[in-house]
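Here's the letter readout for the chains.
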Amino acid sequence: MGSRADRQVPEVPVRELDAMLARMSWDEKVAQLQIAYRPRFEDAIALVRSGIGAVFWPGDLVRTRELQRIAREETPHGIPLLIGLDVIHGQYTIFPTPLAEACSFDPDVAMIDARESAQEAASGGVNWTFSPMVDISTDPRWGRVVEGFGEDPYLTSVFAAAKVRAYQSEDLSAPGTLLACAKHYIAYGAGEGGRDYDATDVSEYRLRNTYLPPFQASVDAGVASVMASFNTVAGRPMHANRRLLTDVLKHQLGFAGVVVGDADGVVQLVAHGVSHNNADAVALAISAGLDIEMGGNVIGADGHAVVSPQSVPEERVNDAVRRILRLKLARGLFSETASEHAVEVRHPTERTRELARGVAHRCAVLLSNDGTLPISPSISSVLLVGPYATSTDHLGAWTQNFAAQSRSIDECLREALPNTSVTTMTGGAFFREDLEARAAAVAAAASNDVVIVAVGEPSSLSGEASSRSEPALTGDQAALIRELVATGVPVAVILVAERPLIIADWVDLPGAVLQTGHLGTEAGSAIVDLVLGIANPGGRLAMSIPRSAGQIPIRYNHENTGRPPSVRGQLEHEDVDVALVGPGDTDDYFTSKYLDLDLGPKFEFGHGLSYTTFEVSAPVVSTPSLTMSTLASDGLSVSVTVTNSGARSGDEVVQLYIRDLVASIAQPVRRLRGFRRVSLEPGETTSVDFALSAIDLGYWSDGVEAELVLEPGTYELHVGGSVSSTRVALVELAL
Ligand code: BGC
């Protein structure tokens, strides 16, 4: 088994583990292989007495201590508990949702969130978080895109590793750390039609090059656990997928930690139609490589294991128990005393609020701007309109009900503009048409210097089981924007949504559109800072925004077809006689596109503006030609200089994309392999260097064995502030 994860999950002497195992009965071992899913506290007590290995967090430190005391003092072997909880982007202090964090293109943002969340949650006794979610998705219909880091495997890998390292810290047993969990393994974001939990059928090539890299990055960062996904891959449900769980994850990727099932994912093997009953399902899953069942279905009502050594090999059960005990030992649970969590954090502090506000600034993406933003703090009158004007729904999917809410944009704007006349009106509603409110807002526009329209997608519409066939603004929000723009008063839109919404029908109308995402506890103040130019937006899209739902799935890193389009399609055209249009005459018509859409997404991955401007020089490579062995020994470096050519300080995100012009398998037209967010004062210049190696130029083969393929030929290295504005350097790679 690979040992990269062992760097962070220290080896526990085999003798110690074996001695413990030798003392345990079959039922005692099997009881360790489950986590009870949100039991009532009384039920949790009974489960812990019966020897269960893990429970969901019971809600506070006192209860957690009691459960741990029972496990340590009242069970035969005194094995402490894993206490799990979905601490996804905060516990009390909420940081931006993961997709919004990815838009920062700054892994420090994810690290700050994970470090602070770990401190808060661990202070209450949580020791295991089901985060980060590292599912790649190119389908904004899927509500869970907001829980991940977007459409790109490289960006997701960098963020996954940052979060794992920050949750777990250098020393897993240090106070304030959480065991992390990379989820959902695997291809969960590829569900058919963007429907949650739905089937997938991904090729070996796509699996290796798109879905596995973020898990490999998490394993390399030492992630303690990996969660199996609800979906099937080519007909095999992931909870029973021996090849992907054992051969690929544990053997090829070298994962030494624990594979946990998703909520009732094991017993759902019955609904999938691959098991007759729950006992069969448990046997199938554990045999396939699952170590912990989430739900508590492994011990039956009679107090005995539902599986026997006849249905699951004993060595497999021993391996699973070893993995679990190893984590408990490494996390220091056997030596942990109750006093270690003396002070339970229950609220954000000034410090965490300040961190959350700073992080939130970095996640917003300025989609368009004709100078309407930022709004001058000395402006005399502002009309603030829209259902998000007074809403405090800024936390986004996956937060607990005790998390600290944000103040509204309205409250924060009034506080920031004490000398401005601020008029606030709803102008409409999230879920219905309110003609009266809209008419009143439109009538009020003319007597104001600027209109800020705060619209978006309420948190309840994204996250798990929240797929949408038409992910657009709900209610009459789009109509409100259109009518306000028609008044001629400058309009700036604040779009509180990070899931790509279909906005092409209105987005070109207002003077400026700032997409903020659900930014967490300090969203209100951070948004106002951005609107007033106290902070300068520097985020970039981590998912492309399609022109219409019919364009989904969409991704910047697609391969070329044999007939790439150069011009958009047309619905009306002269009759084309197919027989007369032969090979070579395919330029305009027989190309891969929609007849009724412009080419490409409305806004592409990596897009984002600033209140200042930047110039990125042409890339300079360390050598224009090299051999594979030189690449292996010396690497390849690419450098650019970046200058802030505008009048404000701000951030540029320098992005490096690779294109392998001719390969044995068709390669993406662009593939992100480096990015750097730099802050520059007006007139300031800096240089940005990227170091590339074989893994950046190569790709994973489509064979069942993991093989990195590096082929000779010409590589284009594109560097710039967005996919469409890159400049290119060529590199010849020889054998
Ligand atoms: C979700 C997981 C989550 C688990 C535990 C499931 O429904 O798919 O992401 O970690 O619940 O709450």
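Residues numbered from 1 in each chain as written. Predicted model: local features only at pLDDT ≥ 70, side-chain atom pairs only at ≥ 80, totals over all residues. Heavy atoms only, no water.

Quick word on the overall build of the chain
Okay, so step 1: In terms of regular secondary structure, the chain is built from 19 helices and 27 strands.
Okay, so step 2: Dimensions of the chain, computed from C-alpha atoms along their principal axes, come out at roughly 75 × 65 × 50 Å.
Okay, so step 3: Counting across all 735 residues of the chain, residues that qualify as buried make up 60%.
Okay, so step 4: Here the contacts in the chain between residues at least 6 apart in sequence split such that 78% fall between residues at least 24 apart.
Okay, so step 5: When the accessible area of the chain is evaluated, it comes to approximately 26,900 Å², of which 51% is carbon and sulfur surface.
Okay, so step 6: If you average the places of the 58 positive and of the 92 negative side-chain charges in the chain, the two averages end up 4 Å apart. (Helix = DSSP H or I, 4+ residues; strand = E, 2+ residues; numbered from the N terminus. Buried < 20%, exposed > 50% of the residue type's maximum accessible area, 1.4 Å probe, protein only. Contact = heavy atoms within 4.5 Å. Areas by Shrake-Rupley, 256 points an atom, 1.4 Å probe, with all protein chains shown as cover. Lys, Arg positive; Asp, Glu negative; His and termini not counted. Charge placed at Lys NZ, Arg CZ, Asp CG, Glu CD.)

Overview of the environment of Arg357
Okay, so step 1: Its place among the elements puts Arg357 in helix α13 (residues 350-363).
Okay, so step 2: With a relative accessible area of 32%, Arg357 lands in the partly exposed category.
Okay, so step 3: With 27 residues separating them in the primary sequence, Arg357 and Ala330 have C-alpha atoms 34 Å apart.
Okay, so step 4: If near-sequence neighbours (up to four positions away) are discounted, Arg357 is found in contact with Glu522, Ser525, Ala526 and Asp529.

Examining the pattern of salt bridges
Two side chains that carry opposite charge are able to pair once their charged atoms sit near each other.
Okay, so step 1: For the structure shown, the criterion picks out 47 salt bridges.
Okay, so step 2: Between Arg323 and Asp319 there is a salt bridge, and its shortest N-O distance comes to 3.3 Å. Taken as a pair, Arg323 and Asp319 lie in helix α12 (residues 314-330) at a separation of 4 residues, close to a single helical turn.
Okay, so step 3: Relative accessible area serves as the criterion here: at 4%, Arg323 is assigned to the buried category.
Okay, so step 4: In this structure, Arg677 and Asp651 form a salt bridge, with 2.8 Å as the shortest nitrogen-oxygen distance. With Arg677 in strand β22 (residues 671-680) and Asp651 in strand β21 (residues 650-660), the pair connects residues that are 26 residues apart, well separated along the chain. For the pair Arg677 and Asp651, one class covers both residues: buried.
Okay, so step 5: Bridged by salt links that share partners, the residues Arg49, Glu66, Arg69, Glu73 and Glu74 form one connected network. (Salt bridge = Lys/Arg side-chain N within 4 Å of Asp/Glu carboxyl O.)

Digging into the sheet that holds strand β26 (residues 713-720)
Okay, so step 1: Taken in spatial order, the 5 strands line up as β19-β27-β26-β21-β22 in an open sheet, and their pairing is mixed. For this open sheet the edge positions go to β19 (625-627) and β22, each flanked by a neighbour on one side alone. Along the sheet, successive strands turn relative to each other by an average axial angle of 25°, direction set aside.
Okay, so step 2: One ladder, built from 7 bridges, connects β26 with strand β27 (residues 727-734); its direction is antiparallel. When the sheet's bridge partners are listed, Tyr715 is paired in β27 with Val731. (Pairing = 2+ DSSP bridges. Axes fitted to C-alpha atoms, helices over the stretch in contact; angles between N-to-C directions.)

Some points on the nonpolar core
Okay, so step 1: Trp128, Tyr185, Ile186 and Trp506 are the most contacted members of the largest nonpolar core, which has 154 residues in total.
Okay, so step 2: Per-element tally for this core: the top contributor is α12, with 8 residues.
Okay, so step 3: Judged by nonpolar contacts, the second largest core, of 41 residues, contains Tyr388, Leu413, Val422 and Val450. (Core = buried A, V, L, I, M, F, W, Y, C linked by side-chain atoms within 4.5 Å.)

Some words on the pairing of strand β14 (residues 450-456)
Okay, so step 1: The element β14 is largely enclosed, with a buried count of 7 among its 7 residues.
Okay, so step 2: Both faces of β14 are covered, namely the face carrying Val450, Ile452, Ala454 and Gly456 and the face carrying Val451, Val453 and Val455.
Okay, so step 3: Direction of pairing for strand β12 (residues 381-385) relative to β14: parallel, over a ladder of 4 bridges. From the neighbouring strand, Val385 faces β14, where its bridge partner is Val453.
Okay, so step 4: With 6 bridges joining them, β14 and strand β15 (residues 491-496) adopt parallel strand pairing. Counterpart to Val453 in the pairing with β15 is Val493.
Okay, so step 5: Read as a crossover between parallel neighbours, the route from β14 over helix α16 (residues 477-486) to β15 is right-handed. (Right-handed = clockwise from strand over helix to strand, strands pointing away.)

What to know about the site of the ligand
Okay, so step 1: Close to the ligand lie 15 residues; Asp86, Arg144, Lys183, His184 and Asp262 are nearest.
Okay, so step 2: With respect to the ligand, the side chain of Arg38 contributes an N or O atom lying 2.8 Å from an oxygen atom.
Okay, so step 3: Asp262 is positioned such that a nitrogen or oxygen atom in its side chain is 2.6 Å from an oxygen atom of the ligand.
Okay, so step 4: Summarising the interface, the protein chains cover 97% of the accessible area of the ligand, which totals 310 Å² for the free molecule.
Okay, so step 5: For the shell around the ligand, a count of residues per class yields 8 nonpolar, 1 polar and 6 charged. (Near = heavy atom within 4 Å. Polar contact = N/O pair within 3.5 Å; in protein donor to acceptor, adjacent residues only side chain to side chain. Nonpolar A, V, L, I, M, F, W, Y, C, P; charged D, E, K, R; others polar.)

Some details on the side chain of Asn644
Okay, so step 1: Among the secondary structure elements, Asn644 is positioned in strand β20 (residues 636-644).
Okay, so step 2: At a separation of 2.9 Å, a polar atom in the side chain of Asn644 contacts the main-chain carbonyl oxygen of Leu680.
Okay, so step 3: If near-sequence neighbours (up to four positions away) are discounted, Asn644 is found in contact with Thr612, Thr613, Phe614, Ser649, Gly650, Leu680, Glu681, Pro682, Gly683 and Glu684.

Points about the pairing of β21
Okay, so step 1: With 10 of 11 residues buried, β21 lies mostly within the body of the structure.
Okay, so step 2: Looking at chain direction, β21 and β22 are connected through 9 bridges and run antiparallel. Across the sheet, the residue bridging to Ile658 is Arg671, located in β22.
Okay, so step 3: Relative to β26, β21 runs antiparallel, the two being bridged by 6 bridges. Bridged to Leu656 within β26 is Val719.

Read these as geometric descriptors, not functional statements.
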